[in-house]
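These are the residues of each chain, in order.
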Amino acid sequence: QVQLVESGGGLVQPGGSLRLSCAASGFTLAYYAIGWFRQAPGKEREGVSCINSISSSATTHYEDSVKGRFTISRDIAKNTVYLQMNSLKAEDTAVYYCATAEMQCSWFPADFGSWGQGTQVTVSS
């Protein structure tokens, strides 16, 4: 019943942009903290960005390496969270996942209960 589906990944050149979407079904994502995580080959899954629930003022958070380049947002009507990624670098190459947290935003994957299947982002010239 509860499902998250990521989309928008692909191949892009360094300096390019992508917008990832996280579409929710079976629940209202505005009531949850929604995190974006990524995992590159041979590396641990890391938090990229997070937006809190509306009850937590919908505050946003960013990992240091993406600050100023990525923007997280939510469209309540579409029940979708977005991650706008600009000035992409090769180091951004990873599978990107969105996930829900029952409470507030966290940088720890274990705090998130429901996960999407991920979307591949490849930044290469």
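Residues numbered from 1 in each chain as written. Predicted model: local features only at pLDDT ≥ 70, side-chain atom pairs only at ≥ 80, totals over all residues. Heavy atoms only, no water.

## Thoughts on the environment of S106
Here S106 shows up in the loop between β9 (94–101) and β10 (114–115). Here the side chain of S106 touches D111 through a polar contact of 2.5 Å, side chain to side chain. (Helix = DSSP H or I, 4+ residues; strand = E, 2+ residues; numbered from the N terminus. Polar contact = N/O pair within 3.5 Å; in protein donor to acceptor, adjacent residues only side chain to side chain.)

## Thoughts on the pattern of salt bridges
Scanning all chains against the criterion turns up five salt bridges. A salt bridge links R38 to D92; the nearest nitrogen and oxygen atoms lie 2.9 Å apart. Of this pair, R38 sits in strand β4 (residues 33–39) while D92 sits in the loop between β8 (80–85) and β9; the two residues are 54 residues apart in sequence, bridging distant segments of the chain. For the pair formed by R38 and D92, the shared burial category is buried. Between K78 and D75 there is a salt bridge, with its nearest N and O atoms 3.6 Å apart. K78 gets classed as exposed once you look at its relative accessible area, which sits at 55%. With a relative accessible area of 23%, D75 lands in the partly exposed category. When salt bridges with common partners are traced through the structure, they connect R38, E46, R69 and D92 into a single cluster. (Salt bridge = Lys/Arg side-chain N within 4 Å of Asp/Glu carboxyl O. Buried < 20%, exposed > 50% of the residue type's maximum accessible area, 1.4 Å probe, protein only.)

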